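Below, each chain spelled out in residue letters.
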Amino acid sequence: MPQIAQIAATYASQIFWLLLTFGILYFGIGKGMVPKIVSTVDAREGRIAGDLAAAVAARAQADTVQATWQAEMDAARVAAQAETAAAAKRAAMAFEQQVHAADAEIAERLGHHDLAVANAKAQALANLQNVAAEAAQQLADKVAGLQVSLDSASDAVRRTMAHG
């Protein structure tokens, strides 16, 4: 078979060209393309590392700003609560003063009204005695036909009111 007889003659030539092609490809890719890929990967990793470092620094700065802001807000909240408490205390004191002033005014007005009521009561009692004395004088005149003086009728009414 002639095809099998040719294997030995062409086998060495094919191996040579195979090794030569793979060698060229290996050194061509290894020396030409791999360094470019490695430099691209290194640049990318450097950029990522730089971005991560910048992000860490920005986060640290943001944390500092937030802590400062939180401290300021806490201080402002405490100050606002203190001012609110002081305002509430001032309002309570003002309200209490107004209540005391109103109580004093009401007590004074009640005193005046009590005095006016007592005076009116005393005047009514005095008028009542006079009316009762006149009524007693007229009754004595109509019922018994006696003429009683107003002074004696008033005296009799006073004695009756005093003893019940």
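Residues numbered from 1 in each chain as written. Predicted model: local features only at pLDDT ≥ 70, side-chain atom pairs only at ≥ 80, totals over all residues. Heavy atoms only, no water.

Using the following cut-off: UniProt positions are given in the numbering used here, feature names are shortened, and annotations may be inferred rather than shown by experiment.
Per an unreviewed UniProt entry, the protein goes by ATP synthase subunit b and derives from Sphingomonas aerolata. A UniProt comment under Sequence similarities (unreviewed entry) is attached to the protein, and it reads "Belongs to the ATPase B chain family."

### A closer look at the overall build of the protein
Operational definition: Only DSSP runs of H or I with at least four residues qualify as helices, and only runs of E with at least two residues qualify as strands; both kinds are numbered from the N terminus onward. Just to be clear, the radius of gyration here is over C-alpha atoms, and the globule rule we use is 2.2 Å times residues to the power 0.38. Residue burial is assigned from relative accessible area. The probe radius is 1.4 Å, only protein chains are included, and a residue is buried under 20% of its type maximum, exposed over 50%, and partly exposed in between. Where accessible areas are quoted, they stem from the Shrake-Rupley method and a 1.4 Å probe; at the residue level, only the protein chains shown are allowed to cover. We count Lys and Arg on the positive side and Asp and Glu on the negative side, and we leave His and both chain ends out. Charged groups are reduced to one reference atom each: NZ for lysine, CZ for arginine, CG for aspartic acid, CD for glutamic acid.
Check the secondary structure of the protein and you find two helices and zero strands. On C-alpha atoms alone, the protein measures out to a radius of gyration of 62 Å, which is more than a quarter above the 15 Å that the 2.2 N^0.38 rule sets for 164 residues. Expressed as a percentage of the 164 residues in the protein, the buried residues total 3%. Accessible surface, the protein as shown: approximately 13800 Å² in total, 66% of it carbon and sulfur. Taking the average location of the 13 positive side-chain charges in the protein and that of its 16 negative ones, the two points are 13 Å from each other.

### Remarks on the pattern of salt bridges
So the rule is basically this: Counted as salt bridges are all cases of a side-chain nitrogen of Lys or Arg within 4 Å of a carboxyl oxygen of Asp or Glu.
Inspection of every chain in the model, using the stated rule, returns four salt bridges. Put simply, Asp 74 and Arg 77 hold a salt bridge, and the shortest N to O gap is 2.9 Å. Of the two residues, Asp 74 and Arg 77 are both situated in helix H1 (residues 2–144); the distance of three residues between them amounts to about one turn of the helix. For Glu 83, the salt bridge is made with Arg 90, and the minimal N-O distance between the two is 3.5 Å.

### Considerations on the packing of aromatic side chains
Counted only if it meets this: When the centres of two rings from Phe, Tyr and Trp lie within 6.5 Å, Trp using its six-membered ring, the rings pair. Their planes under 30 degrees apart give stacked, over 60 give edge-to-face, and anything left gives tilted.
In total, this model carries two aromatic pairs according to the counting rule given. Ring geometry for Phe 16 versus Trp 17: centroids 5.2 Å apart, planes at 70 degrees, classification edge-to-face. Between Tyr 26 and Phe 27, the aromatic rings sit 5.2 Å apart at their centres with planes inclined by 75 degrees, giving edge-to-face as the arrangement. Phe 27 carries the same exposure label as Tyr 26, and that label is exposed.

### A few points about the UniProt feature "transmembrane region" (unreviewed entry) in the protein
Here, UniProt's "transmembrane region" (unreviewed entry) annotation points to residues 6–29. With 100% helix and 0% strand, the stretch residues 6–29 has end C-alpha atoms that lie 34 Å from each other.

### A short note on helix H2 (residues 150–163)
Put simply, the rule is: For a helix, the expected span equals 1.5 Å multiplied by the residue count minus one. Throughout, the arc means that of the directions going from the helix axis to the C-beta atoms.
Compared with an ideal rise of 1.5 Å per residue, which puts 14 residues at 20 Å, H2 spans 20 Å between its outermost C-alpha atoms and is within 8% of the ideal. Those residues of H2 lying buried are Ala 153, Ser 154 and Val 157. The arc enclosing the buried residues of H2, seen along the axis, measures out at 100 degrees, which places them on a common side. The exposed residues of H2 that point more than 90 degrees off its buried face are Asp 151, Ala 162 and His 163.

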